[in-house]
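What follows is each chain in one-letter form.
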Amino acid sequence: MKGSYDILVVGIGGQGTILASNILGGACLIEGRTVRGAETHGMAQRGGSVESHIRIDGKFGPLIAPGTADLLIGFDMLEGLRYSHFLKPGRRIVLNCRMVIPTSVFVQGLAVPSQDEVIRALSRFDLCMIDGEEIARKAGSVLAANVVMLGAASHHIPLAPGSLVSAVQNLVPPKTVEINTRAFEMGREAGMRC
Amino acid sequence: MEERYLLGNEAIAHACLEAPVGFVSGYPGTPSSEVIEILASRPDLSCSVEWSVNEKVALENALAVAWCGVRAFCTMKHVGLNVAADPLMTSAYTGVTGGLVLMVADDPFAHSSQNEQDSRMYAKFARIPCLDPSTIQEAHDMVRDAFALSEEFGLPVMFRPTTRICHSKGDVALGPAIPFTGKGEFHRDPRQYVVIPAHTRVLHRKLNEKQPEIRKRLSQLSYNQYQVRGRKAVIASGIAASYVQEILPPDISFMKIGAYPVDEEWLAGFVRMHESVLVIEELFPMVEEAVREVAGCVPVHGKKDGHAPYEGELSPDVVARIMTSCGFSPAVEYPAVQPVPDLPPRPPILCAGCMHRPVFYAIRKVFRDGIYPSDIGCYTLGVQLGAVDTTICMGASITVGSGIFHSGEERDVVATIGDSTFLHTGIQGLMNAVYNGAEMTVVILDNRTTAMTGHQPNPNTGYTACGTAVPPLSLEAICRACGVIYVETVDPYDLVSLTAALRSAKERPGVKVVIAKQPCVITARRAGVKRGRFTVDSDTCTGCGVCVKFGCPAIEQHEEKAFINDLCSGCAVCMQICPSGAIGKEGAR
């Protein structure tokens, strides 16, 4: 019996999916709820495609089955599309509108979908496009793009925004608390317009 | 009691502090590495923590600590246990006085490994208890119990989490960390610790005599348990038990196995209460074989009748399919969905500015027709650059290289091996190659760290796991001591010198070593090294594609012109390979 709210956060190694998972898990603990998560470590992190599974109120294993996620957060357009089959039809996908083109595309001359093609391919979902980098830059640092994305997705996360903000403040480096708090709030505002 | 959202390996590390443990050793290997990293970074650390040079060394250190009555914890990945198998097998004979817990992290699906071996089999082989957690909380609690079990039976205990325990997260209740204040003392007892034949025959009998007690004791722990709920039963082990619990309907009985060896009578009693039994476990059918032995005429489903896979990892949806396939209806049905087809893959890749890339480039230029045995590390990714022909296990680049030479193969052999791997098990191969007259070039990719697993220090780095500065060893001196005459150290960012060193190696007889030395680009960045970025002058660029094929993630191609993105770390190698001089330092034009 599922009973959990399942979030998949995907991106490229180094974009901060693990911090996003820690923030969601931390917010669950603030609310006294159980949580399970699974993430990519090791060799796959070297610029490869990475995924974090987070199961709010999860009590069993950490893995989300394809076709059953309640929310997908994509830090890169191509990665959002790659993992989109994990999401239930009609559910929200919060997607950063940037795409880092894989080196394999240049070296092997592979085709890469355009932004429009990605958007068309995701039409069966509730797509919310966010310019994470641009908003993060306005908030004070482009490195806060992952927190912007969480803020934008927070309308669809069954955790109080206050818990998420507290978790952000507990987990980011002390010097960046102000920037990240602003990034979360600006992301949340951008997500409201979707 | 404190509740935190922790990575499995963080919870395991914390359990070591609760034990409290007196000594921790290991060799880095995904998914085990974080345990020692976390312990070593604790400012309040009261025990001794080390990165050993390999797993055999780590286990022998830990074993001796346990012989002195102090609790020891030893970590490695599954394939590391092959290296440590020699002390493991006999440590069960000698036993221990302080608790010795051997953490062996298995990697079903080989997320970051060269095979999918099942370490539970090693525990069975060595006749030691094995604990296999199904959740992170259980992983934490098992480490605590493993020390007590080890001391109760005077045996090393294997603790065997898998990737989905080590690298998963959950809310975990922790106990207090207790400062370690003990002091080891060795009690001379040759009959216990000197395994000459006369002693070891007795020790072997004693080990076998312990087995029934161990089985009985393990069936009293909560790690093996069952609920009878219907005529059919599912028996599951390790993390697979969590997947089964998520989808098990209320009318199917359930048994969870988390501790080995399993008591046969206890198992038989449960199995015979049912009309049919399905066994769900990852990798080897170890529980299934035990169930089949006691099942009598009760039908048993699992791997051996083709319903469940022998390879890869399980997940709730895979378990649901297995259940459906043998007539056990799961409580959850999963949609049949397919990933979007034909997307360009994004495999892991050597970083922009990685020192390995120019080395592979130069090797392929100088030894155009060469054979390239390689080893385990980030540089195994050189397979994408056509510069890695073999990888089998740690240290096997040089040995495979000398073997290829001895086969009579006439092409040049160029082996690549990282500094940490060379120190792990590469030196013996080098010594052997020189001794037995091989002709080959060995390139040591010296990036001053164990990069792939997260930049753990090694004796070549200059400091210990806990950050204590030590005099770095000399790779050159080691190679010369092995009998290598030509040993040349070069900066791999300097393509001219690198190529020249490889050329002179090529011309000489015997075993030659080129050490390409440059700190890992990630550690260099963390240490504050800043190099200016490079840029392409699009008027000069002919779009020849040489730099693009170099495979650096900082180099893109747009409308037939190369373009350098902001991943550039300023290594300057692309500038040296551009045939039309179109690449230069940013702002220099």
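Thresholds applied
- Residues numbered from 1 in each chain as written.
- Chains lettered and ligands numbered in written order.
- Predicted model: local features only at pLDDT ≥ 70, side-chain atom pairs only at ≥ 80, totals over all residues.
- Helix = DSSP H or I, 4+ residues; strand = E, 2+ residues; numbered from the N terminus.
- Rg over C-alpha atoms; globule rule 2.2 N^0.38 Å.
- Contact = placed C-beta atoms within 7 Å.
- Buried ≥ 20, exposed ≤ 12 C-beta atoms within 10 Å, placed from the backbone.
- Pairing = 2+ DSSP bridges.
- Axes fitted to C-alpha atoms, helices over the stretch in contact; angles between N-to-C directions.
- Parallel < 35°, antiparallel > 145°, perpendicular 65-115°, else oblique.
- Nonpolar A, V, L, I, M, F, W, Y, C, P; charged D, E, K, R; others polar.
- Core = buried A, V, L, I, M, F, W, Y, C linked by C-beta atoms within 7 Å.
- Domains from an automatic or database assignment.

1. Details of the overall build of chain A
Logical step 1: Looking only at helices and strands, one finds eight helices and six strands in chain A.
Logical step 2: In chain A, the succession of α and β elements from N to C terminus is β-α-β-β-β-α-β-α-α-β-α-α-α-α.
Logical step 3: The globule rule puts the C-alpha radius of gyration for 194 residues at 16 Å, and the 16 Å found for chain A is close to it.
Logical step 4: C-alpha atoms of chain A, sized along the principal axes, occupy 50 × 45 × 35 Å.
Logical step 5: Looking at chain A alone, contacts between residues at least 24 apart form 66% of all its contacts between residues at least 6 apart.

2. Some thoughts on the overall build of chain B
Logical step 1: What chain B contains, in helices and strands, is 22 helices and 22 strands.
Logical step 2: For 589 residues, the compact-globule estimate of 2.2 N^0.38 gives 25 Å, and the C-alpha radius of gyration of chain B, at 27 Å, lies within 12% of that figure.
Logical step 3: Considered along the principal axes of its C-alpha atoms, chain B spans approximately 80 × 65 × 55 Å.
Logical step 4: Counting across all 589 residues of chain B, residues that qualify as buried make up 54%.
Logical step 5: Considering only intrachain contacts with a sequence separation of at least 6, the fraction spanning at least 24 residues in chain B is 76%.

3. Let's talk about the sheet that holds strand E10 (residues 232–237) of chain B
Hydrogen bonds between backbone atoms are what pair the strands of a sheet, whose relative direction is either parallel or antiparallel.
Residue and element names in this part refer to chain B.
Logical step 1: Strand order in the open sheet formed by five strands is E9-E11-E10-E13-E14, and the pairing between neighbours is mixed. Each edge of the open sheet is held by one strand with a lone partner, namely strand E9 (225–227) and strand E14 (300–301).
Logical step 2: Relative to strand E11 (residues 252–257), E9 is paired through three bridges, and the arrangement is antiparallel. Paired with Gln227 across the bridge in E11 is Phe254.
Logical step 3: In this fold helix H13 (residues 286–294) packs onto E10, E11, strand E13 (276–280) and E14, with an angle of close to 160° to the strand it touches most, E13.

4. Notes on unusual backbone geometry
Logical step 1: Cis rather than trans, the peptide bond between Thr30 of chain B and Pro31 of chain B has omega equal to 10°.
Logical step 2: When you line up the elements, Pro31 of chain B lands in the loop between strand E2 (23–26) and helix H2 (34–40).
Logical step 3: For the peptide bond that leads from Tyr260 of chain B to Pro261 of chain B, omega is 0°, which places it in the cis range.
Logical step 4: Among the structural elements, Pro261 of chain B can be located in the loop between strand E12 (259–260) and helix H12 (264–271).
Logical step 5: Of note, Asp57 of chain A is a non-glycine position whose phi angle comes to about 70°, a positive value.
Logical step 6: One non-glycine residue, His455 of chain B, adopts positive backbone phi at about 65°.

5. Some details on the packing of helix H16 (residues 396–406) of chain B against helix H17 (residues 419–435) of chain B
Between two packed helices, the angle of one axis relative to the other and the distance separating the axes together describe the packing.
Residue and element names in this part refer to chain B.
Logical step 1: Orientation of H16 relative to H17, taken along the N-to-C sense of each, is 25°, at an axis distance of 7 Å. When the axes of H16 and H17 are compared, the pair comes out roughly parallel. Only Gly426, Gly429, Leu430, Asn432 and Ala433 of H17 make contact with H16, whose side of the interface consists of Ile398, Thr399 and Ser402.
Logical step 2: Across the contact of H16 with H17, the residue classes tally to three nonpolar, five polar and no charged.

6. Re the nonpolar core
Logical step 1: Core analysis: the largest hydrophobic core is formed by 171 residues, its most contacted members being Ile7 and Val148 of chain A together with Ile280 and Val319 of chain B.
Logical step 2: If near-sequence neighbours (up to four positions away) are discounted, Ile7 of chain A is found in contact with Leu24, Ile54, Ile56, Ala69, Asp70, Leu71, Ile73 and Ile157 of chain A.
Logical step 3: Counting 72 residues, the second largest nonpolar core, distinct from the first, contains Leu385, Met440, Val511 and Val521 of chain B.

7. With respect to the interface of chain A and chain B
Logical step 1: Every contact between the two is made by 47 residues of chain A and, on the other side, 46 residues of chain B.
Logical step 2: Per-element tally for the side of chain A that touches chain B: the top contributor is helix H1 (residues 17–30) of chain A, with six residues.
Logical step 3: Looking at side-chain class alone, the side of chain A that touches chain B contains 23 nonpolar, 19 polar and five charged residues.
Logical step 4: Sheet topology note: the strand E2 (residues 35–39) of chain A/strand E8 (residues 168–174) of chain B ladder contains three bridges and is antiparallel. Across the sheet, the residue bridging to Gly37 of chain A is Lys169 of chain B, located in E8 of chain B.

8. Some details on the pairing of strand E3 (residues 49–56) of chain A
Residue and element names in this part refer to chain A.
Logical step 1: Among the eight residues in E3, eight count as buried, and that is most of the element.
Logical step 2: With eight bridges connecting them, strand E1 (residues 5–12) and E3 associate as antiparallel partners. By the bridge assignment, Val10 is partnered in E3 with Glu51.
Logical step 3: Here five bridges tie E2 to E3, and the two strands are oriented antiparallel to one another. The residue bridging Val35 from the neighbouring strand is Ile56, located in E3.

9. Overview of the sheet that holds strand E4 (residues 72–77) of chain B
All names here are of chain B.
Logical step 1: One open sheet holds the seven strands; their spatial order is E3-E2-E4-E5-E7-E6-E12, and the pairing between them is mixed. Only two strands of the sheet have a single partner each, and these edge strands are strand E3 (48–51) and E12.
Logical step 2: In terms of strand pairing, E2 meets E3 through four bridges, oriented parallel. Looking at E3, one finds that Phe23 is bridged to Ser48.
Logical step 3: Those strands touched by helix H3 (residues 55–67) are E2, E4 and strand E5 (100–105), and its axis lies near 165° from that of E4.

10. Some details on helix H14 (residues 316–325) of chain B
All names here are of chain B.
Logical step 1: Most of H14 sits out of view: seven of its ten residues are buried.
Logical step 2: All of the buried residues along H14 are Pro316, Asp317, Val318, Val319, Ala320, Ile322 and Met323.
Logical step 3: Residues of H14 that are buried in the fold lie against helix H11 (239–247) and E13.

11. Details of the domain arrangement of chain B
Logical step 1: Annotation of chain B at the domain level lists domain 1 (2–220), domain 2 (225–325), domain 3 (356–526) and domain 4 (534–585).
Logical step 2: Put simply, the middle of domain 2 of chain B and the middle of domain 3 of chain B, counted by C-alpha atoms, are 47 Å apart.

12. Section: helix H5 (residues 85–94) of chain B
All names here are of chain B.
Logical step 1: Among all positions of H5, only Pro87, Leu88, Ser91, Ala92, Tyr93 and Thr94 are buried.
Logical step 2: Each element contacted by the buried residues of H5 is listed here: H3, helix H4 (78–83), helix H6 (120–126), helix H9 (190–193) and helix H10 (197–220).
Logical step 3: Just beyond H5, the residue with positive phi is Gly95, at close to 70°.

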